[in-house]
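# Structure assessment
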Amino acid sequence: MSSALTDLFPFPIVQAPMAGGVSVPQLAAAVCEAGGLGFLAAGYKTADGMYQEIKQIRSLTGRPFGVNVFMPQPEYADPAAVDVYAHQLAGEATWYEAELGDPDSGRDDGFEAKLVVLRDNPVPVVSFHFGVPSREVVDTLHRVGTFVLAAATTPDEARAVEQAGADAVIAQGIEAGGHQGTHRDVPETDGSGLGLLSLIAQVREAVSIPIVAAGGIMRGGQIAGVLAAGASAAQLGTAFLATPESGANALHKRALTNPLFVRTELTRAFSGRPARGLVNRFVREHGPYAPAAYPEIHHLTSPLRKAAAKAGDAQGMALWAGQGHRMARELPAGQLVEVLAGELASARASLTGGGVL
């Protein structure tokens, strides 16, 4: 990674932007203060909501931070399939005494308005998910001094990120919790994603820009592993989800290590796009029938998810988590960064000393 970018954060540790209220300013600031790169998640917020969080994090830390933005989505959805799924969810609405959401509540997530804010009030780093911005968008952010990153799940997507002029690519393996950052949502490829180490190797041969590795990373030894494989930094989400600064629901935090939830899987049940979460009743009952329709299904199920959380029912919530969720540690975010950095140093020492990682 270019020295200008790595100079922003002493440790090669990036806190993943987790939308839906998890990546709050307090979490991102704590990570930044400890020497990592904290991220705010602009997804599902208005442009003004994003701006208010930027102001808040600036009041909490003077260190560099990032903001993640969702790309606008093309119209893939079949309205008839969305209607069928809504009919299937009628029982859930009755159970939770909630109305289903309007699937046509918008698909661009306020993209242009957020870009205006980010150009008028520049932040150190901006990353993009669900696609790659145009060269023009990247250039405008570069002109105000912002480093640009974008997620990729395949070598071809990484090439698109490089061609857009981004400073680095976030290589997201299939192990990652939450939504896969695929540039096109093609149902035929569900479940065929690449594991992180294989993805890093292929992306490294496909592009010349630096790589930030994401997917299932929970320990400093794993960070050492992805750095040895060719990444310049590691992005961790689930590891920070359990911290006290995280805005995740307490039920979600406890579920990460609750033996009731034994595995994760990629599901379209809650949003219409593949996302990895803990397998609960909602995923089992509705996942096989959810259509490829993002953000329509996200809007449709939003009231159900909120009602389930209010009722204290984790079986109806979207419990996003990566494959390493059972390794979650309930440490303050700053302390977690320090522990990870210590583990990374020990792992590197073992490698250079000829020991076993």
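Here is a short report on the structure shown in this document. (Residues numbered from 1 in each chain as written. Predicted model: local features only at pLDDT ≥ 70, side-chain atom pairs only at ≥ 80, totals over all residues. Heavy atoms only, no water.)

## Quick notes on the packing of helix 9 (residues 196-206) against helix 10 (residues 220-229)
Operational definition: Angles run from 0 to 180 degrees between N-to-C directions of axes, and those axes are lines fitted to C-alpha atoms, restricted for helices to the stretch in contact. Each helix is a run of DSSP H or I of at least 4 residues and each strand a run of E of at least 2, with the numbering of both proceeding from the N terminus. Between 65 and 115 degrees an angle is taken as roughly perpendicular, under 35 as roughly parallel, over 145 as roughly antiparallel, and anywhere else as oblique. Left-handed describes a crossing whose near helix is turned anticlockwise from the far helix by less than a right angle; the clockwise case is right-handed. Contacts are assigned to residue pairs that have any heavy atoms within 4.5 Å of one another. Each residue is assigned to one of three groups, with Ala, Val, Leu, Ile, Met, Phe, Trp, Tyr, Cys and Pro labelled nonpolar, Asp, Glu, Lys and Arg labelled charged, and all others, Gly among them, labelled polar.
For the pair helix 9 and helix 10, the least separation of the axes is 9 Å and the interaxial angle reads 25°. Compared by their axis directions, helix 9 and helix 10 come out roughly parallel. The handedness of the crossing between helix 9 and helix 10 is right-handed. Contact residues: Leu196, Leu197, Ile200 and Arg204 in helix 9; Gly225, Val226 and Ala229 in helix 10. Of the residues belonging to the contact of helix 9 with helix 10, the class tally is five nonpolar, one polar and one charged.

## Overview of the sheet that holds strand 10 (residues 264-267)
Short version of the rule: Strand pairing follows a simple DSSP-based rule, namely that at least 2 bridges must link the two strands.
The strand order across the open sheet built from three strands is 7-11-10, with neighbouring strands paired in antiparallel fashion. The open sheet has two edge strands with one neighbour each: strand 7 (178-179) and strand 10. Pairing of strand 10 with strand 11 (residues 275-278), which is carried by four bridges, proceeds in the antiparallel orientation. Bridging across to strand 11, Thr267 finds its partner in Ala275.

## Comments concerning the nonpolar core
Rules: To define a nonpolar core, start from buried Ala, Val, Leu, Ile, Met, Phe, Trp, Tyr and Cys residues and group those joined through side-chain atoms within 4.5 Å. Per-residue accessibility, obtained with a 1.4 Å probe over protein chains only, is compared with the maximum for each type, and a residue is labelled buried under 20%, exposed over 50%, and partly exposed between these values.
In this structure, Val67, Leu118, Phe128, Val169, Ile223, Leu236 and Phe240 are the most contacted members of the largest nonpolar core, which totals 103 residues. Broken down by element, the residue count for this core peaks at seven residues, all from helix 15 (residues 333-352). If near-sequence neighbours (up to four positions away) are discounted, Leu236 is found in contact with Ile13, Val14, Gln15, Ala16, Ile217, Met218, Ile223 and Leu340. Leu5, Phe39, Val212 and Ala214 belong to the second largest nonpolar core, which has 15 residues in total.

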